[in-house]
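What follows is the residue order along each chain.
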Amino acid sequence: EPAEALVRAWDFQGAAKALAKLKADDDAEFTARIAARRDEVARLAKLKARMIARINEAQPRLRRSSILIRGINADLTKADEECIVASPPNGRDEEHAWRTLSGRSVERLVPLVAERESAADWLAGGLLALVVNDAAVAEAFMEKARSLGAQVDRYLDPLAAVAFDRARNLIADKKLAEAKSE
């Protein structure tokens, strides 16, 4: 569970360290699940590193609007493991923690760093969309990964869980028409 909290906070390196400490002893099924999760977290860490590099190296600079970060539009001037920094005209840098990004932001960021024909990149994007609980984006990225040859069947249960949770929340918020479209 601590590793999953770190994943939700976009601390993929910390999650990898937490998962490395887990030992399954003689339980083959648990060992396989830990290995699969380690692989997923490694994919997420590599994807985030590429996002950080893309933001830091972009010329011209990416803008808040290009990845749908809330606030007055401004250049994204820095990214690191903790946050993305926007520099609005008023001169006061604003930090945006990775964990605050929406599914729409992920939807915009992944194509900036994913290789068009890399099933692994699109799979990582789908996993990241699951982290931010966006089933529609996760499904689109997983379908792209599948079309490029990735095996995505093991992600169908988490994908369905995210979609169900979103529909349940929409119903609770009395947004029935939107829930039906999910």
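Residues numbered from 1 in each chain as written. Predicted model: local features only at pLDDT ≥ 70, side-chain atom pairs only at ≥ 80, totals over all residues. Heavy atoms only, no water.

Q: Sorry if this is basic, but what is going on with the overall build of the protein here?
A: Per the secondary structure count, the protein includes 8 helices and 3 strands. For the protein, long-range pairs separated by at least 24 residues make up 46% of all intrachain contacts whose partners lie at least 6 apart in sequence. (Helix = DSSP H or I, 4+ residues; strand = E, 2+ residues; numbered from the N terminus. Contact = heavy atoms within 4.5 Å.)

Q: Whenever I open this one, the confidence of the model for the protein confuses me. Can you help?
A: Predicted coordinates in regions of low pLDDT should not be interpreted in detail. Within the protein, residue pLDDT values average 88, and 86% of them lie at 70 or more. Across the protein, the element-wise mean pLDDT spans from 58 in helix α8 (residues 176-181) up to 97 in strand β1 (residues 75-79). (pLDDT = per-residue confidence, 0-100.)

Q: How do you make sense of the packing of aromatic side chains when you look at a structure like this?
A: The geometry of an aromatic ring pair comes down to the distance between the two centres and the angle between the two planes. All chains considered together, the criterion is met by 3 aromatic pairs. When the ring of Trp 10 is compared with that of Phe 12, the centres are 6.0 Å apart and the planes differ by 35°; the resulting orientation is tilted. For the residue pair Trp 10 and Phe 12, the accessibility class agrees, reading buried in each case. When the ring of Trp 122 is compared with that of Phe 141, the centres are 5.3 Å apart and the planes differ by 55°; the resulting orientation is tilted. Of the two residues, Trp 122 sits in helix α5 (residues 119-131) while Phe 141 sits in helix α6 (residues 135-147), which places them 19 residues apart along the sequence. (Phe/Tyr/Trp six-rings, centres within 6.5 Å; stacked < 30°, edge-to-face > 60°. Buried < 20%, exposed > 50% of the residue type's maximum accessible area, 1.4 Å probe, protein only.)

Q: I would appreciate a short explanation of helix α4 (residues 103-113) in the present structure.
A: Every α-helix carries 3.6 residues per turn, so stepping three or four residues along brings you back to the same face. For α4, the set of buried residues is Gly 103, Ser 105, Val 106, Leu 109, Val 110 and Val 113. One side of α4 holds all its buried residues, which, seen down the axis, span an arc of 135°. Tucked inside the fold, the buried residues of α4 contact α3 (28-57), α5 and α6. Regarding α4, its N-cap is Ser 102, as a side-chain oxygen of that residue lies 3.3 Å from the backbone nitrogen of Arg 104 further along. (Arc of directions from axis to C-beta. Polar contact = N/O pair within 3.5 Å; in protein donor to acceptor, adjacent residues only side chain to side chain.)

Q: When you look at the sheet that holds strand β3 (residues 94-97) in this model, what are you seeing that I'm missing?
A: In sheet architecture, strand pairing relies on hydrogen bonds along the backbone and comes in two forms, parallel and antiparallel. Reading across from one edge, β1-β2-β3 is the order of the 3 strands in this open sheet, with antiparallel pairing throughout. With one partner strand each, in any of the chains shown, β1 and β3 form the two edges of the open sheet. The average angle at which neighbouring strand axes cross in this sheet is 30°, direction not considered. Relative to β3, strand β2 (residues 83-87) runs antiparallel, the two being bridged by 4 bridges. Counterpart to Val 85 in the pairing with β3 is Glu 95. The sheet contacts of α3 involve β1 and β2, and relative to β1 the element is tilted by about 130°. (Pairing = 2+ DSSP bridges. Axes fitted to C-alpha atoms, helices over the stretch in contact; angles between N-to-C directions.)

Q: Explanation requested: the packing of α3 against α4 in the structure shown.
A: When two helices pack together, their arrangement is given by the angle between the helix axes and by the axis-to-axis distance. One can describe the packing of α3 onto α4 by two numbers: an axis separation of 9 Å at closest approach and a directional angle of 85°. Of the possible angle classes, the one that applies to α3 and α4 is roughly perpendicular. Contact with α3, carried on its side by Leu 47, Arg 50, Met 51, Arg 54 and Ile 55, involves Leu 109, Val 110, Leu 112 and Val 113 of α4 and no other residues of that element. Across the contact of α3 with α4, the residue classes break down as 7 nonpolar, no polar and 2 charged. (Parallel < 35°, antiparallel > 145°, perpendicular 65-115°, else oblique. Nonpolar A, V, L, I, M, F, W, Y, C, P; charged D, E, K, R; others polar.)

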